[in-house]
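Take a look at the letters that make up each chain.
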Amino acid sequence: MVSRFRESGKSAPSALLRTSIYCAALAGVFLYLALARHEPLYSIGIFAMFVLYLAIRIYSARRISGIMPRILGQYEPRVAELEARLHKIEGDKSTPTEKEPTA
């Protein structure tokens, strides 16, 4: 799994970044055409790039949402152990031991 992230060409974050850049560049081209030619119909291309960008993000989020419960379940016992340690440490700090003053 680690080797998958070492190869930047195959990792999901780099692919999402690359498609985001492509969508932004294409939207920029349509914006330029709309402004340079005074033709508002090119704004449909900008909207289409926005919809494509959202579709890619939603697809990626749905794919990741299927993986996350398995990953969280794998680390749940460790998280519970760390929370128990934290509560124990916080409990020790809240009850300081005070010595009786001797005169």
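Residues numbered from 1 in each chain as written. Predicted model: local features only at pLDDT ≥ 70, side-chain atom pairs only at ≥ 80, totals over all residues. Heavy atoms only, no water.

(A) Molecular detail of the overall build of the protein chain. Each helix and strand counted, the protein chain has three helices and zero strands in total. Mapped from its N terminus to its C terminus, the protein chain presents α and β elements in the order α-α-α. The burial tally for the protein chain puts 11% of its 103 residues in the buried class. As displayed, the protein chain offers around 9100 Å² of accessible surface, 66% of which is attributable to carbon and sulfur atoms. (Helix = DSSP H or I, 4+ residues; strand = E, 2+ residues; numbered from the N terminus. Buried < 20%, exposed > 50% of the residue type's maximum accessible area, 1.4 Å probe, protein only. Areas by Shrake-Rupley, 256 points an atom, 1.4 Å probe, with all protein chains shown as cover.)

(B) Highlighting the confidence of the model for the protein chain. Taken as a whole, the protein chain shows an average pLDDT of 78; of its residues, 79% reach a score of 70 or greater. Within the protein chain, helix α3 (residues 43-94) carries the highest mean pLDDT (84), whereas helix α1 (residues 2-6) carries the lowest (48). (pLDDT = per-residue confidence, 0-100.)

(C) A look at a nonpolar patch on the surface. On the surface, F47, F50, V51, L54 and I58 cluster together to form a nonpolar patch covering roughly 490 Å² of accessible area. By the secondary structure assignment, F50 is in helix α3. Assessed through its relative accessible area of 47%, F50 is described here as partly exposed. (Patch = residues over 30% accessible without salt bridge, like charges linked within 9 Å, V, L, I, M, F, W, Y side chains within 5 Å. Salt bridge = Lys/Arg side-chain N within 4 Å of Asp/Glu carboxyl O.)

(D) How the structure looks around the pattern of salt bridges. Inspection of the entire model under this criterion finds two salt bridges. Close ionic contact of R78 with E81 constitutes a salt bridge, the shortest N to O distance being 3.3 Å. Placement of the pair is R78 and E81 together in helix α3, with a separation of three residues, close to one helical turn. For E81, a relative accessible area of 36% puts it in the partly exposed group. What you see here is one network of salt bridges that share partners, running through R78, E81 and R85.

(E) Quick peek at the environment of L54. Along the chain, L54 falls in helix α3. For the pair formed by L54 and S20, sequence separation is 34 residues and the distance between their alpha carbons is 9.6 Å.

(F) Region of the structure containing the side chain of S20. Along the chain, the position of S20 falls in helix α2 (residues 12-36). Residue classification places S20 among the buried residues on the basis of a relative accessible area of 13%. Within the structure, the side chain of S20 is placed 2.7 Å from the side chain of R57, a separation counted as a polar contact. (Polar contact = N/O pair within 3.5 Å; in protein donor to acceptor, adjacent residues only side chain to side chain.)

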